[in-house]
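A look at the structure
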Amino acid sequence: LGTSGDARSTLASSARAALARAIELDAGNVPAYTALVDLDLRTNVTSDKLRDTLGKLAALTDGKANASPSLWIARGAVEQRLGDIKAAEASISRGLAAEPRNVSALLMAADLALAANDAERAKSYSVRLSSVNAPADTIKLLDARIAALEGRIDDALARLGEIKTP
């Protein structure tokens, strides 16, 4: 069953309000922050809302020796969306330092490497993703993007052809 755009928007607004309330009740609620960031990125909220969330994430991570890797990774995702690539790389690096097998962080690091036209670094993340048993199709897509960046279009198309579609 499909959901209309208005219904999705209403649902997203309700979810955002519930997550904001959860954070209001417990400012250190890591799952609520990570869910809020995921929701905000998926629903393309305004840059102002993202900056507000980033400020809260910064307060929970800056100068904190034991900040949750999930918070660093969420912070990196927001920074990347806002275009602060250097900050995003630093945040993702901090998240990976604490949780080196985190598939989401490895994928974001690979994406940042590709955006910087650094195929070798992206390849290293592809290897790491394979070692942590990331979904095969996710790795194939990453490998196709790497091949395309390197100008190996036939290899990229072949990797894309290996991806199972529903």
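Here is what the cut-offs are and how they apply
- Within any chain, residue numbers begin from 1 and follow the written order of that chain's sequence.
- Totals for whole chains, interfaces and linings use all residues, but because this is a predicted model, local features are given only for residues with pLDDT of at least 70 and pairs of side-chain atoms are given and counted only at 80 or more.
- With hydrogens and water set aside, each side-chain value is computed from the structure's full complement of heavy atoms.
- Only runs of H or I of at least four residues qualify as helices and only runs of E of at least two qualify as strands under DSSP, and these elements are numbered from the N terminus.
- Think of it in three bands: with a 1.4 Å probe and only protein chains considered, a residue is buried below 20% of the maximum accessible area for its type, exposed above 50%, and partly exposed in between.
- Any two residues whose heavy atoms approach within 4.5 Å are treated as being in contact.
- Note on areas: Shrake-Rupley, 1.4 Å probe, and residue coverage restricted to the protein chains presented here.
- Here a polar contact is taken to be a pair of N or O atoms separated by no more than 3.5 Å, where protein atoms must pair a possible hydrogen donor with a possible acceptor and residues adjacent in sequence count only if both atoms sit in side chains.
- Both cavities and pockets are sets of points on a 1 Å grid over the protein atoms alone; in a cavity a 1.4 Å probe fits but cannot get out, in a pocket the set is open with protein on both sides within 12 Å along at least five of seven lines, and lining residues sit with an atom within 4 Å of a point.
- Grid points are joined across faces, edges and corners, and a volume is the space filled by probe spheres set on the points.
- Any Lys or Arg side-chain nitrogen found within 4 Å of a carboxyl oxygen on Asp or Glu counts as a salt bridge.
- Per-residue confidence from the predictor is reported as pLDDT, which spans 0 to 100.
- In this analysis, a patch consists of residues with relative accessible area above 30% that form no salt bridge, clustered at 9 Å for like charges and at 5 Å for the nonpolar side chains Val, Leu, Ile, Met, Phe, Trp and Tyr.
- Angular values range over 0 to 180 degrees, each being the angle between N-to-C directions of two axes fitted as lines to C-alpha atoms, with helices fitted over their stretch in contact.
- Comment on the angle field: the value is read as roughly parallel under 35 degrees, roughly antiparallel over 145, roughly perpendicular from 65 to 115, and oblique elsewhere.
- What makes a crossing left-handed is the near helix being turned counterclockwise from the far one by less than a right angle; a clockwise turn instead makes it right-handed.

**Some points on the overall build of the protein**
- Scanning the protein from terminus to terminus reveals 9 helices and 0 strands.
- When the elements of the protein are put in sequence order from the N terminus, they spell out α-α-α-α-α-α-α-α-α.
- Seen through its principal axes, the protein has C-alpha atoms that stretch 50 × 45 × 25 Å.
- Taking all 166 residues of the protein together, 36% fall into the buried category.
- Partitioning the contacts of the protein with sequence separation of at least 6, the portion at a separation of at least 24 is 44%.
- In the form shown here, the protein has an accessible surface area of approximately 9400 Å², with 54% of it arising from carbon and sulfur atoms.

**A word on the side chain of R16**
- Its location among the elements puts R16 in helix α1 (residues 5-25).
- At a separation of 2.9 Å, a polar atom in the side chain of R16 contacts the side chain of D40.

**Some remarks on the layout of surface pockets**
- Considering only enclosed or pocket space, the largest pocket measures out at about 340 Å³ in volume.
- Only α2 (30-42), α4 (69-81) and α6 (103-115) provide two or more residues apiece to the lining of the largest pocket.

**Things to note about the side chain of K140**
- Secondary-structure assignment places K140 in helix α8 (residues 136-149).
- Of the polar contacts made by the side chain of K140, one reaches the backbone oxygen of E162; its length is 3.4 Å.

**Here's the deal with the pattern of salt bridges**
- For the coordinates displayed, the defined rule picks out 17 salt bridges.
- Residue E24 is joined to R21 by a salt bridge in which the shortest nitrogen-to-oxygen separation is 2.7 Å. On the criterion of helical spacing, the pair formed by E24 and R21 is a turn pair, its members being 3 residues apart in helix α1.
- Between D38 and R42 there is a salt bridge, with its nearest N and O atoms 2.9 Å apart. Here D38 pairs with R42, and both are found in helix α2, just 4 residues apart, close to one helical turn.

**Thoughts on the confidence of the model for the protein**
- Averaged over every residue, the pLDDT of the protein is 92; the share at 70 or more is 96%.
- At the low end of the mean pLDDT range in the protein sits α1, at 86; at the high end sits helix α7 (residues 119-131), at 97.

**Observations regarding a nonpolar patch on the surface**
- Together, L141, I153, L157 and L160 line one region of the surface with nonpolar side chains, adding up to about 360 Å² of accessible area.
- Sort the elements by how many residues they give to the nonpolar patch and helix α9 (residues 153-161) lands first, with 3 residues.
- Tracing the backbone shows I153 in helix α9.

**Let's talk about the packing of α6 against α7**
- Viewed as axis vectors pointing N to C, α6 and α7 meet at an angle of 160 degrees, and their least axial separation amounts to 8 Å. When the interaxial angle is binned, α6 and α7 end up roughly antiparallel. Here α6 runs over α7; the crossing is left-handed. Together, V103, L106, L107, A109, A110, L112, A113 and L114 of α6 and R121, A122, Y125, R128 and L129 of α7 make up the contact between the two elements.

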